[in-house]
Amino acid sequence: MSTEESPREIAILGAGKIGRGVVGLLFSRAGYRLHLYDMYMEGMRKLEAQGYYDVRVTDGHDVDESTRIDDFDIVDSTTDAEVIALLQSVDIAACCVYEGAFKSLARVIAEAVSQRHASGNERDLNILLCVNALGAPAKVVSYIEGELAEEHLAYFREHVGVCQVMVLAAGIPSDPDANPWQVVVSANPGLEIDADAWKGPQLQIESVSFIRGAQGHIYRKVYCGNMRHAMAGFMGKAAGHEFICDCHKDPWIRANIVAAFEEAHAAIVQEYSFDPAEDAEWVEFIYSKLDADVKDPVDRVIAKTDEKLSHDNRFVGPALMCLRHGIVPFYLARGIAYGLDCLAAEQGVELKDDAAVRAYARETCSLGEDEWMLLDLIAKQHADIAFRAAE
């Protein structure tokens, strides 16, 4: 670990709602200069010409604050040269991209790490993975190490932290008449960083904290918080609601998503160790979002339905975890059934009978022969949904 002072700068790789909004807002407030890197270069040049952007934080009720950010520059993404040079000079890089971009980013990170080593740079570099991808740090580390020459591996392992980050906010569409570069995020934005993977002294930034046992925290976030949000969208789509806040106000939907949350949470706290006080605070924070009144479109929330229903993701993953711990995932199976209806409608698939539902669930969720119990629950829930719709 170097004693050399780190620059108050951050590279933001992926300048969307989480990158510019949550990460950009918190670090800008702390006096950091933002270096924005995004493949949408045409848009980035327009943002550069404007010279600023606003971040609006709201809960749809009492909280509605706007912060103007102008201490930033745009990194040219038409070649790798500028981002590699940037990653040699900064000591924090926030990756706010989908999992599909991990390999390409790992390649440029590896080149920057090689050049840092060759130039004798002894400062630590921390990569913040601000993405809801389970197992993300291990994947990114393997991609980076796969690009590095043997002579740079020891340096990488000593000086580079690849850290899972829990992003405690959501990006929300702006009003139609808002400035096109405004970012809207939900109230009380924050970041929780994996303290075990972090290299060097911890940051002292408001609403940025460090936690131990980050794997349990990201599974809790995805399997409980993100699951509940998506289930509200699936059920809301069936009910004809336009926004998630309308889903939360629907008594039937609210009762079901709360019950599914409780099933998933009961399994998570058996699978991983949490400080009881911290866990209770987190649950209260998540429940508070049910009363927010932000206009988050249902169609945005249920996007990539097939991914959400995949075997290890936010529905099947916690349902199978429940079964391992002797908990019947009754409501989680209902969420899967509603999700299958959304996906079938999107793909033009007709789920005409029990056999069709089972085959579609088995294929979509990659359910094995030994996971028949969950398949039975999904089929029964789908039949119940069809019965209710016919009434």
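Residues numbered from 1 in each chain as written. Predicted model: local features only at pLDDT ≥ 70, side-chain atom pairs only at ≥ 80, totals over all residues. Heavy atoms only, no water.

Trainee: I keep staring at the overall build of the protein chain and nothing clicks. Help me out?
Mentor: In terms of helices and strands, the protein chain carries 16 helices and twelve strands. Compactness check: the protein chain gives a C-alpha radius of gyration of 22 Å against a globular reference of 21 Å for 391 residues, within 12% of the reference. Reported as C-alpha extents along the three principal axes, the dimensions of the protein chain are approximately 70 × 50 × 45 Å. Taken over 391 residues, the protein chain has a buried fraction of 54%. For the protein chain, the accessible area works out to roughly 17,300 Å², and carbon and sulfur atoms hold 49% of it. Side chains of the protein chain give 36 positive and 63 negative charges; the mean places of these two sets differ by 2 Å. (Helix = DSSP H or I, 4+ residues; strand = E, 2+ residues; numbered from the N terminus. Rg over C-alpha atoms; globule rule 2.2 N^0.38 Å. Buried < 20%, exposed > 50% of the residue type's maximum accessible area, 1.4 Å probe, protein only. Areas by Shrake-Rupley, 256 points an atom, 1.4 Å probe, with all protein chains shown as cover. Lys, Arg positive; Asp, Glu negative; His and termini not counted. Charge placed at Lys NZ, Arg CZ, Asp CG, Glu CD.)

Trainee: Quick question: what am I supposed to make of the nonpolar core here?
Mentor: As a rule of thumb, nonpolar side chains are buried together in soluble globular proteins. Within the largest apolar cluster, 63 residues are counted, with the highest numbers of intra-cluster contacts made by Ile 268, Leu 309, Phe 315, Ile 336, Leu 374 and Ile 378. Among the elements that line this core, the one with the most residues is helix α7 (residues 214-239), at twelve residues. In contact with Ile 378, not counting residues within four places along its chain, are Ala 333, Ile 336, Ala 337, Leu 340, Ala 361 and Leu 367. Core analysis: the second largest hydrophobic core is formed by 41 residues, Leu 47, Ile 92, Leu 128 and Ala 195 among them. (Core = buried A, V, L, I, M, F, W, Y, C linked by side-chain atoms within 4.5 Å. Contact = heavy atoms within 4.5 Å.)

Trainee: Hey, could you run me through empty space enclosed by the protein in this one?
Mentor: If you roll a probe as big as a water molecule over the atoms, it shows you where there is empty space left. Under the definition given, this model contains one cavity of 30 Å³ or more. Empty space within the largest cavity amounts to approximately 40 Å³. Every residue lining the largest cavity is listed: Cys 95, Phe 102, Leu 105, Ala 106, Ile 109, Leu 129 and Val 140. If one sorts the elements of the lining of the largest cavity by residue count, helix α4 (residues 102-118) sits on top with four residues. For the lining of the largest cavity, the per-class residue count stands at seven nonpolar, no polar and no charged. (1 Å grid on protein atoms, 1.4 Å probe; cavity = no way out; pocket = protein on both sides within 12 Å on 5 of 7 lines; lining within 4 Å. Points joined across faces, edges and corners; volume = space filled by probe spheres on them. Nonpolar A, V, L, I, M, F, W, Y, C, P; charged D, E, K, R; others polar.)

Trainee: Help me out: how do you make sense of the packing of aromatic side chains in this one?
Mentor: Given two aromatic rings, one states the distance between the centres and the angle between the planes to describe the pair. For the structure on display, the rule yields nine aromatic pairs. Their ring planes at 85° and their centres at 5.1 Å tell us that Phe 27 and Tyr 32 sit as a pair that is edge-to-face. For the pair shown, Phe 27 and Tyr 32 are each scored as buried. Between Tyr 53 and Phe 72 the ring centres are 5.7 Å apart and the planes differ by 55°, which places this aromatic pair in the tilted class. Of the two residues, Tyr 53 sits in strand β3 (residues 53-58) while Phe 72 sits in strand β5 (residues 72-75), which places them 19 residues apart along the sequence. Owing to a relative accessible area of 0%, Tyr 53 belongs among the buried residues under this scheme. In textbook terms, an aromatic cluster arises when at least three aromatic residues are bridged by ring pairs, as seen for Tyr 219, Tyr 223 and Tyr 272. Its end group placed over the ring of Tyr 52, Arg 68 keeps NZ or CZ at 3.8 Å from the ring centre. Directly above the aromatic system of Tyr 287 lies the positively charged group of Arg 228, at a separation of 5.8 Å from the ring centroid. (Phe/Tyr/Trp six-rings, centres within 6.5 Å; stacked < 30°, edge-to-face > 60°. Lys NZ or Arg CZ within 6 Å of the ring centre and 35° of its normal.)

Trainee: Hey, could you run me through the sheet that holds strand β4 (residues 64-69) in this one?
Mentor: Hydrogen bonds along the backbone pair up the strands of a sheet, which may run parallel or antiparallel. The strand order β4-β3-β10-β9 describes an open sheet built from four strands, whose pairing is mixed. At either margin of the open sheet sits one strand with a lone partner, and together these are β4 and β9 (171-172). (Pairing = 2+ DSSP bridges.)

Trainee: Before we go on, may I ask you to explain the pairing of strand β8 (residues 160-167) in this structure?
Mentor: Walk down a regular strand and you will see the side chains alternate between the two sheet faces. The buried count for β8 comes to eight of eight residues, which makes it a mostly enclosed element. A two-sided burial pattern is seen for β8, the buried positions comprising Val 160, Val 162, Gln 164 and Met 166 on one face and Gly 161, Cys 163, Val 165 and Val 167 on the other. Direction of pairing for β8 relative to strand β11 (residues 191-194): antiparallel, over a ladder of three bridges. By the bridge assignment, Val 165 is partnered in β11 with Ile 193.

Trainee: Mind showing me how you'd approach the pairing of β3 here?
Mentor: In terms of burial, β3 is largely enclosed, as six of its six residues are buried. Residues Tyr 53, Val 55 and Val 57 line one face of β3 and the alternating positions Asp 54, Arg 56 and Thr 58 line the opposite face, and both faces are buried. Sheet topology note: the β3/β4 ladder contains six bridges and is antiparallel. The residue of β4 that forms the bridge with Asp 54 is Arg 68. Joining the antiparallel neighbours β3 and β4 is a turn of five residues, in which Gly 60 adopts a positive phi near 80°. Sheet topology places β3 next to strand β10 (residues 183-186); four bridges connect them, and they run parallel. Within the sheet, the bridge partner assigned to Val 55 lies in β10 and is Val 183.

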